[in-house]
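Observations on the model geometry
These are the residues of each chain, in order.
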Amino acid sequence: MPPTAGVIRRLDETVVNRIAAGEVIQRPANAIKEMIENCLDAKSTSIQVIVKEGGMKLIQIQDNGCGIRKEDMEIVCERFTTSKLQSFEDLSSISTYGFRGEALASISHVAHVTITTKTADGKCAYRATYADGKLKAPPKPCAGNQGTQISVEDLFYNVSTRRKALKSASEEHARIVEVVSRYAIHNSGISFSVKKQGETMADVRTLSNATTVDNIRTVFGNAVSRELIEVGCEDVKLAFKMKGYVTNANYSMKKCIFLLFINARLVESSALKKAIETVYAAYLPKNTHPFLYLSLEIAPQNVDVNVHPTKHEVHFLHEESIIERVQQHIESKLLGSNSSRMYFTQVLMWLHNTKEFLHYNGLEVGHIYLMGRYLSRLL
Ligand SMILES: Nc1ncnc2c1ncn2[C@@H]1O[C@H](COP(=O)(O)OP(=O)(O)OP(=O)(O)O)[C@@H](O)[C@H]1O
Ligand SMILES: [Mg+2]
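Residues numbered from 1 in each chain as written. Chains lettered and ligands numbered in written order. Predicted model: local features only at pLDDT ≥ 70, side-chain atom pairs only at ≥ 80, totals over all residues. Heavy atoms only, no water.

An unreviewed UniProt entry lists the protein under the name DNA mismatch repair protein MLH1, with Engystomops pustulosus given as the organism. Comment text from UniProt for the protein, heading Sequence similarities (unreviewed entry), reads "Belongs to the DNA mismatch repair MutL/HexB family." (UniProt positions renumbered as here; feature names shortened; annotations may be inferred.)

It is worth spelling out the overall build of the protein at this point. Of the regular secondary structure elements, the protein holds 11 helices and 16 strands. Every one of the 379 residues in the protein was classed for burial, and the buried ones make up 48%. With the model as given, the accessible surface of the protein reaches about 20400 Å², and the carbon-plus-sulfur share is 53%. (Helix = DSSP H or I, 4+ residues; strand = E, 2+ residues; numbered from the N terminus. Buried < 20%, exposed > 50% of the residue type's maximum accessible area, 1.4 Å probe, protein only. Areas by Shrake-Rupley, 256 points an atom, 1.4 Å probe, with all protein chains shown as cover.)

When two helices pack together, you describe them by how their axes are tilted relative to each other and by the distance separating the axes. The geometry of helix 1 (residues 13–24) relative to helix 3 (residues 103–110) is characterised by a closest axis approach of 8 Å and an angle of 110° between their N-to-C directions. When the interaxial angle is binned, helix 1 and helix 3 end up roughly perpendicular. The handedness of the crossing between helix 1 and helix 3 comes out as left-handed. Only Ser106, His109 and Val110 of helix 3 make contact with helix 1, whose side of the interface consists of Thr14, Asn17, Arg18, Ala21 and Val24. (Axes fitted to C-alpha atoms, helices over the stretch in contact; angles between N-to-C directions. Parallel < 35°, antiparallel > 145°, perpendicular 65-115°, else oblique. Left-handed = near helix turned anticlockwise from the far one by under 90°. Contact = heavy atoms within 4.5 Å.)

Taken together, 21 residues surround ligand 1, and among them Thr82, Ser83, Lys84, Glu102 and Lys311 come closest. Within the backbone of alanine 103, an N or O atom sits 3.0 Å from an oxygen atom of ligand 1. Look at ligand 1: alone it shows 590 Å² of surface, and the protein chains cover 94% of it. Within the residue set of the shell around ligand 1, elements represented by two or more residues are helix 2 (28–41) and helix 3. Grouping the amino acids of the shell around ligand 1 by side-chain chemistry returns 7 nonpolar, 8 polar and 6 charged. (Near = heavy atom within 4 Å. Polar contact = N/O pair within 3.5 Å; in protein donor to acceptor, adjacent residues only side chain to side chain. Nonpolar A, V, L, I, M, F, W, Y, C, P; charged D, E, K, R; others polar.)

A few words now on the environment of alanine 29. Residue placement: alanine 29 occurs in helix 2. Looking at alanine 29, the relative accessible area reads 7%, which means it is buried. Along the sequence, alanine 29 and methionine 56 sit 27 residues apart, while their C-alpha atoms lie 9.9 Å from each other. Here alanine 29 is in contact with Arg175, Ile176 and Val179, once residues within four sequence places are set aside.

Now for a nonpolar patch on the surface. On the surface, Leu11, Val15, Val16 and Ile19 cluster together into a nonpolar patch covering about 330 Å² of accessible area. Within the element layout of this structure, valine 16 appears in helix 1. (Patch = residues over 30% accessible without salt bridge, like charges linked within 9 Å, V, L, I, M, F, W, Y side chains within 5 Å. Salt bridge = Lys/Arg side-chain N within 4 Å of Asp/Glu carboxyl O.)

Following the criterion strictly, the structure yields 12 salt bridges and no others. One salt bridge connects lysine 311 with glutamate 34, and the closest N-O pair in it is separated by 4.0 Å. Residue lysine 311 is found in the loop between strand 15 (303–304) and strand 16 (315–316), and its partner glutamate 34 is found in helix 2; the two are separated by 277 residues along the sequence. Lysine 311 sits in the buried class, given a relative accessible area of 4%. We note a salt bridge from arginine 79 to glutamate 102, for which the minimum N-O separation is 2.8 Å. Of this pair, arginine 79 sits in the loop between strand 2 (58–63) and helix 3 while glutamate 102 sits in the loop between strand 2 and helix 3, placing them 23 residues apart in sequence. We classify arginine 79 as partly exposed; its relative accessible area is 22%. The exposure class of glutamate 102 is buried, given its relative accessible area of 13%. Each of Glu34, Arg100 and Lys311 takes part in salt bridges that share partners, so that together they form one network.

In structure tokens form, the structure reads like this:
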């Protein structure tokens, strides 16, 4: 019997939306990242996050940004509603994190969302709750400060597979603290805090007058912050600028910490990571790694931000050449830093002594440098 063709049916809108939501919001930390980006787009200078059970029970984010107009509260959680993008062409010069109008919608399809918000010219604040993208009841006037507070409760209450796939609350909490900390480091001038509900001590708190290095110290401690080298380079032809802080050859740890921002977006690039790690491999003890915080500004028309539903990746023109330039710059900075100079003097002295020793024993001089190179990697 030949196989019979299946009947093609149109999926229900809520099913479509829930599937799409699952791509954008993979875990609590994704939801927090999206909401932090909204706070930043709203020009907030203070962003406070409270979470319960690793964000699975509650995520609450309070900002002091521009707020949401009461008239817009009806559609704010619908898919494809945004105050940031109008035409497709705008995407090539976009300066906001948001552009799709999908984040809040996605969250509201997989959690219970409550928004309390007040604009500068609004007489009072308004509060509304949402389910599956829609208002549950008209917004109610209430007391509230300028800005927006969004509460997300029972994340994935209607997606049991996702709920089960999540790690323990403590692991999800750690991921949340990581996202908040990284944005805090990149956005000195804005105060961030993240804490568990009911606790008085925040897991991370940064102050608005703190510098980038202060924030790195707050998050990663003195051991990292006192070994930082400032890096920075630019190339007009490749239309990019890079700045940041990386640890010198004195510092190393078991796992590489790489904070990468491209046009202010927290992204991942295994190619860039690999290129930089290769440089460090010649300086650091075997199987140890550096701390890296890099911020790349690439001409927006050369960057495609719309390649990943969680926006964790971007594509950009001249990728190989840009990576090579960054790699070269970091290598030159590492070589030039005091600590590596000291380190090299030690190696050279050691080589000199070895040379004498080998010479005395009638061995080939050519071998010494090879051995030195090999041993310097082991040291
Ligand atoms: N914290 C906030 N303060 C002020 N306005 C906000 C805030 N969060 C969301 N909004 C408003 O709600 C709209 C929808 O937010 P949402 O994150 O869903 O979409 P977006 O940011 O426009 O695009 P993207 O899906 O790419 O993030 C935003 O365009 C913005 O106008
Ligand atoms: Mg957004």
